[in-house]
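For reference, the chains in residue letters:
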There are 2 protein chains.
Amino acid sequence: MELGMSLRGDDASVHSITLFVALLCACLVIGHLLEKNRWFNESITPIFIGLFTGIVILLTSAGTSSHLFIFSEELFFIYLLPPIIFNAGFQVKKKQFFRNFVTISLFGAVGTLISFVIISVGCLQLFKKLDVGFLELGDYLALGAIFSATDSVCTLQVLNQDEMPLLYSLVFGEGVVNDATSVVLFNAIQRFDLSHITSSIVLEFIGNFLYLFITSTLLGVGVGLLSAYIIRKLYIGRHSTDREVALTILMAYLSYMIAELFNLSSILTVFFCGIVMSHYTWHNVTENSRVTTKHAFATLSFISEICIFLYVGMDALDIEKWGVVNKSRGTSFGVSSILLGLVLLGRAASIFPLSLISNLFKACPADKITLRQQITIWWAGLMRGAVSMALAYNQFARSGHTQRLGNAIMITSTITIVLFTTVVFGLLTKPLISFLLPMRQPSSTAGELPIDKSITEPLLANGNGNEHEQLLANGNGHVHDQESCMTIPRPTSLRMLLTVPAYTAVHYYWRKFDNAFMRPVFGGRGFTPLAPGSPTDPMVLQ
Amino acid sequence: MELGMSLRGDDASVHSITLFVALLCACLVIGHLLEKNRWFNESITPIFIGLFTGIVILLTSAGTSSHLFIFSEELFFIYLLPPIIFNAGFQVKKKQFFRNFVTISLFGAVGTLISFVIISVGCLQLFKKLDVGFLELGDYLALGAIFSATDSVCTLQVLNQDEMPLLYSLVFGEGVVNDATSVVLFNAIQRFDLSHITSSIVLEFIGNFLYLFITSTLLGVGVGLLSAYIIRKLYIGRHSTDREVALTILMAYLSYMIAELFNLSSILTVFFCGIVMSHYTWHNVTENSRVTTKHAFATLSFISEICIFLYVGMDALDIEKWGVVNKSRGTSFGVSSILLGLVLLGRAASIFPLSLISNLFKACPADKITLRQQITIWWAGLMRGAVSMALAYNQFARSGHTQRLGNAIMITSTITIVLFTTVVFGLLTKPLISFLLPMRQPSSTAGELPIDKSITEPLLANGNGNEHEQLLANGNGHVHDQESCMTIPRPTSLRMLLTVPAYTAVHYYWRKFDNAFMRPVFGGRGFTPLAPGSPTDPMVLQ
């Protein structure tokens, strides 16, 4: 006779959660063991473990079921995505990001549009020759949006922010803008009447896009500033580290949910909230809170990523969808191949021309994107991931329409493409990058024990950027960046505008504004809340 | 025409989550502002905010609904409770806890049984005079179990571990054992055939209880040791802070879920997992991971607590249940009063006699529990919380039987008691404690700025205990504890057994065993993984 505490919920969910948590632990340990491996990366391990688990479940359940959970958009968008994007904003090197802002927007917005058009038109033309069942115009356009969404999660794990700062910020920044663009596109397709496209609808669409971009960014900045203000004010008086950490996490999440509530681009919102929080809020909290938030956000993001890939791996063997497709394997294979070709082509058609355009506007040769770098950017954005899956389910599996042949083929093709690009392209990425861009030994960490690297790296990475920014703001010396064009003469505001690149001038005035108006209110580096104006305050020393 | 990302899940859940997160933020800020308040504590603020929100929702929805979520056992037991109990084990002062282990077990297990019997028999006798609808024998016994479950969450916020270490460890340790006992009791009542209670059933029940207690503890210890071993082994070689943090959190959660899976007492499991992790695992990770895990666990626990109380506050106004009860208000009031009286009586009948027994076995007067302390312990365990709610819903609201008068009255009475004890008794606790036990100024932190307290306190608290333990283990000096009976002569193993209290002897041999066999394998303080046997290793120096 058993006695115990099985009173909470059904046993099935306890089984699933236990197995899932155990798999997560396995991924962490195996991922660690494979870290030095030339081929594997942090995304492929969970996919393989997920696939393997799927097979085991399939065998033990005698072919009736293959997954622990059904892919749920809500789980993905409400719980797993926010920490990943927030952490990205929180840890991004702000200077690099803003310096390349124009190029990033070009790649992210215009590039995605190009890719969208090529994939949509390509599908419309090529699918006619295959027997794919009936698809509407909206379905073709949706395919364009689905397969224009790159997988920023996977990409980030391949590139190293410290070794390739320019590439990292380009690829990553593009990923964030691309996420937003493709989701906005997808929604537009589902909501606008596509039977008669007029110029006014196109204009409305562009207006909507800009409106979304601006309001989402402002919301993220607003919530970030609010959190900085509250924590700075609360800091005056006694306080608790845990409360600070809790407030930071919850307000970041709140920004995401408010954006969701108002149908804004929550990805953009939480990304900018992360940037603002790392610039102001993070400096207002205690030393312990700084370490905790930094690593807690990174850990949350890390776990979410592994969850997503584990999920994708397990979901890949869903019987129902493959059962419908089974009769027309040839068609399914054809569709997947066509889509894969279009993905490769679409990205090539956006990255290479746009890089050319971007290079035209850069005076300094060191800032230009070389061909090898272009190939890397092209390759790094080929992977398709969880966003594509979520959009495909939304379009083709709504209210259980997977039974229709056309829809089932689209779902299975999406899974095929996601798995193929993540696994095959993913496996090839590390070797490709080390072939195209032979790694320079980073001089600053060369003398360190490998064991120390992970301890100092996250904080160091941020610290470097800030010190650099401060030097720039002080403006009392020549600063030599990795890019030699950054040599700045002692600036007097007018001469500076004429002699230095536009970015630096904007940055210079931003620093002035930041120091004069923003930091005194919202805190930030050099404005520790307890001692504004104290002898330790660098602003006073200056 | 709106365009955006509302594709994920229904809007209602987005609304609810957004509002809930906003309320959490409000609780954090308001809680901070009221921290110095003499009456309010961290539990009452969210209950009031929850009640207020419930009223607003009730008014805006024109009386149709009063809550954002329906109280869900799964949410509570799978997501909110584990971090609270784990953190309690992780942060508990191990030495105090184990020194008072016998007293704690006495209060937690025997005390809960006494309280259970008194409440069950009392209800059985007193409810006959009221018109409460039909209740089975099982229902009466269930009431005993439901109202024997004290609210350890609320208690912890009132007592201070540093100011009153003995009281804290007694009340808190009792709470953990009490949680386990009452849940096990509750399950036994639901599963055993109660129509003919024989002595063999009683024996089987006791056997089951011991089996559960031992296996649950061993499972927690096992998973904790496994995590220490894995992290220690992985540490050899390069590693990442985030992976360490993720692995620690996930393995802690895994222990809880495995216990759930095998119908063990998951509360006990995760509590002992926390103790083992703080003793071994925590010392095997990097400095940054230590700070991060410490605060991340505390923060998670803190957020979970606020969630629970916010939830209880919002759920208190559930229309459906009150509607049924409305016709027989007098009965409902009578039932609540009887239950409240029995709760007070049951706890008095367990604490005071058991304190007497406990005092009989203590040689040193300083270790005895004074009458004032007994009153504080009695009072601190009067609050009833989320566990009572969850058990009551399980017994009386299963498959929507709230429509039955008897069940509806029991549910509303539970809510009444939980709210009344938490709010009224909670409000009175701080004044009562400062009246009964006038606070000594803690000498070690007296010179510090109040602002620094929160930074150093959590780590200091642990550090103190460990240093203390190490001194004891080295055994090369007289150690004066707060309790003067702890003066230990230079120990030679035999003489020591005869002259010092039993606890100290057990502790001495445990330290020997720990240093000789456990620490070399599982790490821990003084066995930092990189340099076992190096000149910095205190064991080598010794």
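The residue numbers shown here count from 1 along each chain, following its written sequence. Ligands are numbered from 1 and chains lettered from A, in the order in which they are written. Reporting in this predicted model follows two pLDDT cut-offs: at least 70 for local features of residues, and 80 or more for side-chain atom pairs to be given and counted; totals over whole chains, interfaces and linings ignore these cut-offs and use all residues. Excluding hydrogens and water, the side-chain values take into account all heavy atoms of the structure.

**A closer look at the overall build of chain A**
Formally: Strands here mean DSSP runs of E at least two residues long; helices mean DSSP runs of H or I at least four residues long; both are numbered from the N terminus. Partly exposed describes any residue whose relative accessible area lies between the buried limit of under 20% and the exposed limit of over 50%, with all areas from a 1.4 Å probe on protein chains only and scaled to the type maximum. Note that accessible areas follow from Shrake-Rupley with a 1.4 Å probe, and for residues the cover is restricted to the protein chains shown.
Looking only at helices and strands, chain A has 21 helices and zero strands in total. By the burial criterion, 60% of the 542 residues in chain A qualify as buried. As presented, chain A carries roughly 21,500 Å² of accessible surface, and 68% of it is formed by carbon and sulfur atoms.

**Section: the packing of aromatic side chains**
Residues and elements named next belong to chain A. The condition is simple: Between the rings of Phe, Tyr and Trp (Trp by its six-membered ring), a pair exists once the centres lie within 6.5 Å; its type follows the angle of the planes, with under 30 degrees stacked, over 60 edge-to-face, and the other angles tilted.
For the structure shown, the criterion picks out 36 aromatic pairs over all chains. With a centroid separation of 4.9 Å and 40° between ring planes, the pair formed by Trp 379 and Phe 425 is classed as tilted. Of the two residues, Trp 379 is situated in helix α15 (residues 371–380) and Phe 425 in helix α17 (residues 405–436); the sequence distance between them amounts to 46 residues. The class of Trp 379 is buried, set by a relative accessible area of 12%. Centroid distance Phe 513 to Phe 517: 5.6 Å. Interplanar angle 40°. Geometry classified as tilted. Taken together, the positions of Phe 513 and Phe 517, both in helix α20 (residues 502–522) and four residues apart, correspond to about one turn of that helix.

**Looking at the side chain of Ser 301 of chain B**
Stated formally: Should any heavy atoms of two residues lie within 4.5 Å, those residues are considered in contact.
Relative to the assigned elements, Ser 301 of chain B resides in helix α12 (residues 287–315). The contact partners of Ser 301 of chain B, leaving out residues within four places of it in the chain, are Pro 83, Ile 84 and Asn 87 of chain B.

**Re the side chain of Asp 242 of chain B**
The test is simple: Positive charge is attributed to Lys and Arg, negative charge to Asp and Glu, and no charge count is given to His or to the chain ends. Any carboxyl oxygen of Asp or Glu that lies within 4 Å of a side-chain nitrogen of Lys or Arg is treated as forming a salt bridge with it. Polar contacts, as counted here, are pairs of nitrogen or oxygen atoms within 3.5 Å of one another; within protein the pair requires one atom able to donate a hydrogen and one able to accept it, and residues that are adjacent in sequence qualify only if both atoms are side-chain atoms.
As for its placement among the helices and strands, Asp 242 of chain B is situated in helix α10 (residues 241–261). Among buried charged residues, Asp 242 of chain B stands out as having no salt bridge; its nearest opposite-charge side chain is Arg 243 of chain B, 8.9 Å away. In this structure the side chain of Asp 242 of chain B is engaged in a polar contact, spanning 3.3 Å, whose partner is the side chain of His 295 of chain A.

**Regarding the pattern of salt bridges**
Residues and elements named next belong to chain B. Counted under the stated rule, the structure contains six salt bridges over all chains. Among the ionic pairs, Arg 347 bridges to Glu 174, the shortest N-O distance being 2.9 Å. Of this pair, Arg 347 sits in helix α14 (residues 329–360) while Glu 174 sits in helix α8 (residues 165–191), placing them 173 residues apart in sequence. In this pair, the class of Arg 347 matches that of Glu 174, namely buried. With a closest N to O distance of 3.1 Å, Arg 519 and Asp 514 form a salt bridge. With relative accessibility at 2%, the residue Arg 519 sits in the buried group.

**Here we look at unusual backbone geometry**
Excluding glycine, residues mostly have negative phi values, and the peptide bonds linking residues are mostly trans. Residue and element names in this part refer to chain A. Phi is positive for Asn 263, close to 55°, though the residue is something other than glycine. Tracing the backbone through its elements, the reader meets Asn 263 in the loop between α10 (241–261) and α11 (266–284). With a relative accessible area of 11%, Asn 263 lands in the buried category.

**A closer look at the packing of helix α16 (residues 386–396) of chain A against α17 of chain A**
Packed helices, taken two at a time, are described by the angle between their axes plus the distance between the axes. All names here are of chain A. Threshold: Here an axis means a line fitted to C-alpha atoms, over the contact stretch when the element is a helix, while the angle between two N-to-C directions is reported on a 0 to 180 degree scale. Here the angle decides the label: under 35 degrees means roughly parallel, over 145 means roughly antiparallel, 65 to 115 means roughly perpendicular, and every other value means oblique. When residue character is reported, Ala, Val, Leu, Ile, Met, Phe, Trp, Tyr, Cys and Pro are called nonpolar, Asp, Glu, Lys and Arg charged, and the others, Gly included, polar.
Running from N to C, α16 and α17 point in directions that differ by 180°, and their axes come no closer than 10 Å. As summarised for this structure, α16 and α17 are arranged roughly antiparallel, according to the angle between their axes. Facing α16, whose interface residues are Ser 388, Met 389, Ala 392, Tyr 393 and Phe 396, α17 presents Asn 407, Met 410, Ile 411, Thr 414, Ile 415 and Val 418. Split into classes, the residues belonging to the contact of α16 with α17 amount to eight nonpolar, three polar and no charged.

**Some words on the confidence of the model for chain A**
Residues and elements named next belong to chain A. Under the convention used in this document: What pLDDT reports is the predictor's confidence in each residue, on a scale of 0 through 100.
The predicted model of chain A has a mean per-residue pLDDT of 75, with 73% of residues at 70 or higher. Per-residue pLDDT stays below 50 along residues 1–9; that stretch engages in 45 contacts with residues further than four places along the chain or on separate chains. Predicted confidence is poor over residues 529–542, with pLDDT under 50, and the contacts of this stretch with residues over four places away or in other chains come to 18 contacts. For this predicted complex, the interface confidence reaches an ipTM of 0.78, while the overall pTM sits at 0.79.

**Looking at the state of the cysteines**
Residue and element names in this part refer to chain A. Worth spelling out the cut-off: The definition used for a disulfide is geometric: two cysteine sulfur atoms within 2.5 Å.
On inspection of all chains with the given rule, the structure shows zero disulfides over all chains. Unpaired in terms of disulfides, Cys 25 finds its nearest cysteine sulfur in Cys 27, a separation of 9.2 Å. In this structure Cys 25 comes out as buried when scored by relative accessible area, which is 8%. Not engaged in a disulfide, the cysteine Cys 307 finds its nearest cysteine sulfur in Cys 27; these two sulfurs lie 8.9 Å apart.

**What about helix α3 (residues 73–91) of chain A?**
All names here are of chain A. Where we set the bar: Each residue after the first adds 1.5 Å to the expected span of a helix. To get the bend at a given residue, fit one axis to the seven residues ending there, fit another to the seven starting there, and take the angle between those axes.
Its 19 residues place the ends of α3 26 Å apart at the C-alpha level, agreeing with the 27 Å of an ideal helix rising 1.5 Å per residue. Where α3 bends most, the angle comes to about 45°, and this point is Leu 81, followed within four residues by the proline Pro 82. The buried count for α3 comes to 15 of 19 residues, which makes it a mostly enclosed element.

**Focus on the environment of Ile 433 of chain A**
Residues and elements named next belong to chain A. Note that Ile 433 resides in helix α17. On the accessibility criterion, Ile 433 (6% relative accessible area) is buried. Note: C-alpha distance between Ile 433 and Ala 380 (53 residues apart in sequence) is 9.3 Å.

**Quick look at a nonpolar patch on the surface**
What counts is decided by this rule: Excluding any residue in a salt bridge, patches collect residues exceeding 30% relative accessible area, merging like charges within 9 Å and nonpolar Val, Leu, Ile, Met, Phe, Trp and Tyr side chains within 5 Å.
Where nonpolar side chains cluster on the molecular surface, the patch consists of Val 202, Leu 203, Ile 206, Leu 210, Ile 214 and Leu 218 of chain A and spans about 580 Å² of accessible area. Look at Leu 203 of chain A and you get exposed, because its relative accessible area is 60%.

**Observations regarding helix α16 (residues 386–396) of chain B**
Most of α16 of chain B sits inside the fold, with eleven of its eleven residues counted as buried. Among the residues of α16 of chain B, Ala 386, Val 387, Ser 388, Met 389, Ala 390, Leu 391, Ala 392, Tyr 393, Asn 394, Gln 395 and Phe 396 of chain B are the ones counted as buried.

**Points about the environment of Leu 106 of chain A**
All names here are of chain A. One can find Leu 106 in helix α5 (residues 101–126). A sequence separation of 284 residues divides Leu 106 from Ala 390, and the C-alpha atoms of the two residues are 25 Å apart. Residues contacting Leu 106, with those up to four places away along its chain left out, are Gly 111, Leu 354, Ile 357 and Ser 358.

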